[in-house]
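Observations on chain architecture
Spelled out, the chains give:
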Amino acid sequence: MNDTIAAVEIPDTAAVTEATAFLRETAGPLIFHHSRRVFLFGVLQARALGLRPDPELLYLSAMFHDTGLSTPFSEVEQRFELDGADHAHKFLLDRGFSEEAAQVVWTAIALHTTPGIPGRMGPEAAATNYGVLTDAVGWGLDRLDPDRVEEIVDAHPRGQFKEGFLQAFVDGLKNRPDTTYGTVNADVLEHFIPGFRRTTMVERVLDAPWPN
């Protein structure tokens, strides 16, 4: 695999190599290629916006950001973003990273589907979110060099990404639907799972055990 794609250098560290191998072994091609594209698009968006994320921490955030869909880390039922964040946090600490570095990656992954907030956090959280948005919904594509975008997609093909990506969410969340409350993940289950209807904040307030 090329060390440089679309003028973005893949960090050459032991943790990067191990995280890449882990994702290859535990996720299918769709999530692997998506995660690599998230890193690459995240770097390009960061450059365009004048952000300077740590390349290694951004790469690890991208590699682990969707792992909670397929390899839940915790026996406690929780949002898939937290599963991925907790897994990455332990991965970094087990390999000698500082708590500060592990927390940077945890935050980037935990917030990667949360609208509006990552861009106000550190550059790694912002770039992870921007990479996800670019690959998933085409956010910011118009400010990227089309040749760079083509090079990324050539290296990491999208294939039938739209359908496969949504199915990965259905498969990863259908057995823990309550974890999608208040998140964009509920959109997927409401669209694809017959009979699923999200609980609203209005219902929770009105059904609260208070007299008024």
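Above this text sits the structure in question.
Here's a quick rundown of the structure. The structure displayed is predicted, hence computed values, not measured ones.

**A word on a negative patch on the surface**
A cluster of acidic side chains, namely Asp-145, Asp-147, Glu-150, Glu-151 and Asp-154, defines a negative patch on the protein surface. The residue Asp-154 is located in helix α8 (residues 146-155) in this model.

**Some remarks on the pattern of salt bridges**
Counted under the stated rule, the structure contains 10 salt bridges. Among the salt bridges present, the one from Arg-95 reaches Glu-18, with a minimum N-O distance of 2.6 Å. On the criterion of sequence distance, the pair formed by Arg-95 in the loop between α5 (80-94) and α6 (99-110) and Glu-18 in helix α1 (residues 14-26) is long-range, its members being 77 residues apart. On the basis of relative accessible area, Arg-95 is assigned to the partly exposed category, the value being 34%.

**Some words on the environment of Pro-72**
When you line up the elements, Pro-72 lands in the loop between α4 (67-70) and α5. Along the backbone, Pro-72 and Phe-97 are 25 residues apart, and their C-alpha atoms lie at a distance of 22 Å.

**Focus on the environment of Glu-190**
You can see Glu-190 is positioned in helix α10 (residues 185-192). Separated by 20 residues in the primary sequence, Glu-190 and Val-170 have C-alpha atoms spaced 9.8 Å apart.

**Section: the nonpolar core**
Membership of the largest hydrophobic core comes to 51 residues, with the highest contact counts inside it found for Phe-39 and Leu-92. When residues in this core are grouped by element, the largest group, nine residues, is from helix α2 (residues 29-49). The residues contacting Phe-39, other than those within four sequence positions of it, are Val-8, Glu-9, Ile-10, Pro-11, Pro-55, Leu-58, Tyr-59 and Ala-62.

**A look at a nonpolar patch on the surface**
On the surface, Tyr-181, Met-201 and Val-205 cluster together into a nonpolar patch covering about 290 Å² of accessible area. Within the secondary structure layout, Tyr-181 lies in the loop between α9 (161-173) and α10. Judged by its relative accessible area of 31%, Tyr-181 is partly exposed.

**What to know about the side chain of Glu-56**
Tracing the backbone through its elements, the reader meets Glu-56 in helix α3 (residues 55-64). Despite being buried, Glu-56 has no salt bridge partner; Arg-95 is the closest side chain of opposite charge, sitting 9.6 Å away. Once residues within four sequence positions are removed from consideration, Glu-56 is found in contact with Pro-11, Thr-13, Ala-15, Val-16 and Phe-97.

**A short note on α5**
The first and last C-alpha atoms of α5 sit 21 Å apart over 15 residues, in line with the 21 Å expected at 1.5 Å per residue. For α5, every residue scored as buried is listed here: Phe-80, Glu-81, Asp-83, Gly-84, Ala-85, His-87, Ala-88, His-89, Phe-91 and Leu-92. Taken together, the buried residues of α5 touch α1, α3, α4, α6, α9 and α10.

**A few points about the packing of aromatic side chains**
Across all of its chains, the model carries seven aromatic pairs by this definition. Taking 5.1 Å as the distance between ring centres and 70° as the angle between the ring planes, the aromatic pair formed by Phe-39 and Tyr-59 counts as edge-to-face. Taken together, the positions of Phe-39 in helix α2 and Tyr-59 in helix α3 put the pair 20 residues apart, joining distant regions of the chain. For Phe-39, a relative accessible area of 1% gives the class buried. Feature note: the residues Phe-80, Phe-161, Phe-165 and Phe-169 constitute an aromatic cluster, connected by ring pairs. Over the ring of Phe-161 we find Arg-37, and its NZ or CZ is 5.0 Å from the ring centre.

**Here we look at the packing of α1 against α3**
Axis separation between α1 and α3 bottoms out at 10 Å; the angle between their running directions is 10°. Looking at the two axes, α1 sits roughly parallel to α3. Contacts between α1 and α3 pair Ala-15, Val-16, Ala-19, Thr-20, Phe-22 and Leu-23 from the former with Glu-56, Tyr-59, Leu-60, Met-63 and Phe-64 from the latter. For the contact of α1 with α3, the residue count by class is nine nonpolar, one polar and one charged.

Rules used in this analysis
Starting from 1, residues in each chain are numbered consecutively following that chain's sequence as written. Owing to the predicted nature of the model, reporting of local features is limited to residues with pLDDT of at least 70; listing and counting of side-chain atom pairs is limited to 80 or more, with chain, interface and lining totals taken over all residues. The side-chain quantities take in all heavy atoms of the structure and omit both hydrogens and water. Here a patch means residues that are over 30% exposed by relative accessible area and free of salt bridges, tied together within 9 Å if like-charged and within 5 Å if nonpolar (Val, Leu, Ile, Met, Phe, Trp, Tyr). Areas reported as accessible are Shrake-Rupley estimates using a 1.4 Å probe. Residue values count occlusion only from the protein chains shown. Salt bridge, as used here, is a side-chain nitrogen of Lys or Arg placed within 4 Å of a carboxyl oxygen of Asp or Glu. Within this scheme the basic residues Lys and Arg register as positive and the acidic residues Asp and Glu register as negative, but His and the chain ends are omitted. In this description, the location of a charge corresponds to atom NZ of lysine, CZ of arginine, CG of aspartate or CD of glutamate. We count a stretch as a helix when DSSP gives it H or I for four or more residues in a row; a strand needs E for two or more, and each element gets its number in order from the N terminus. When a residue's accessible area, from a 1.4 Å probe over protein chains only, is under 20% of the maximum for its type it is buried; when over 50% it is exposed; and in between it is partly exposed. Here, nonpolar core means buried Ala, Val, Leu, Ile, Met, Phe, Trp, Tyr and Cys residues that are tied together by side-chain atoms lying within 4.5 Å of each other. The contact criterion used throughout is that any non-hydrogen atoms of two residues lie within 4.5 Å. Helix span, expected: 1.5 Å multiplied by one less than the number of residues in the helix. Only rings of Phe, Tyr and Trp enter the pairing, Trp through its six-membered ring, and a pair is recorded when the two centres are within 6.5 Å. The plane angle decides the type: under 30 degrees is stacked, over 60 is edge-to-face, the rest tilted. Here, a charge over a ring means that NZ of Lys or CZ of Arg falls within 6 Å of the ring centre while also lying within 35 degrees of the ring normal. Each axis is a line fitted through C-alpha atoms, taken for helices only over the stretch in contact, and angles between the N-to-C directions span 0 to 180 degrees. In what follows, roughly perpendicular refers to angles from 65 to 115 degrees, roughly parallel to angles under 35, roughly antiparallel to angles over 145, and oblique to any angle outside these ranges. The nonpolar class holds Ala, Val, Leu, Ile, Met, Phe, Trp, Tyr, Cys and Pro. Asp, Glu, Lys and Arg form the charged class, and all remaining residues, Gly among them, are polar.

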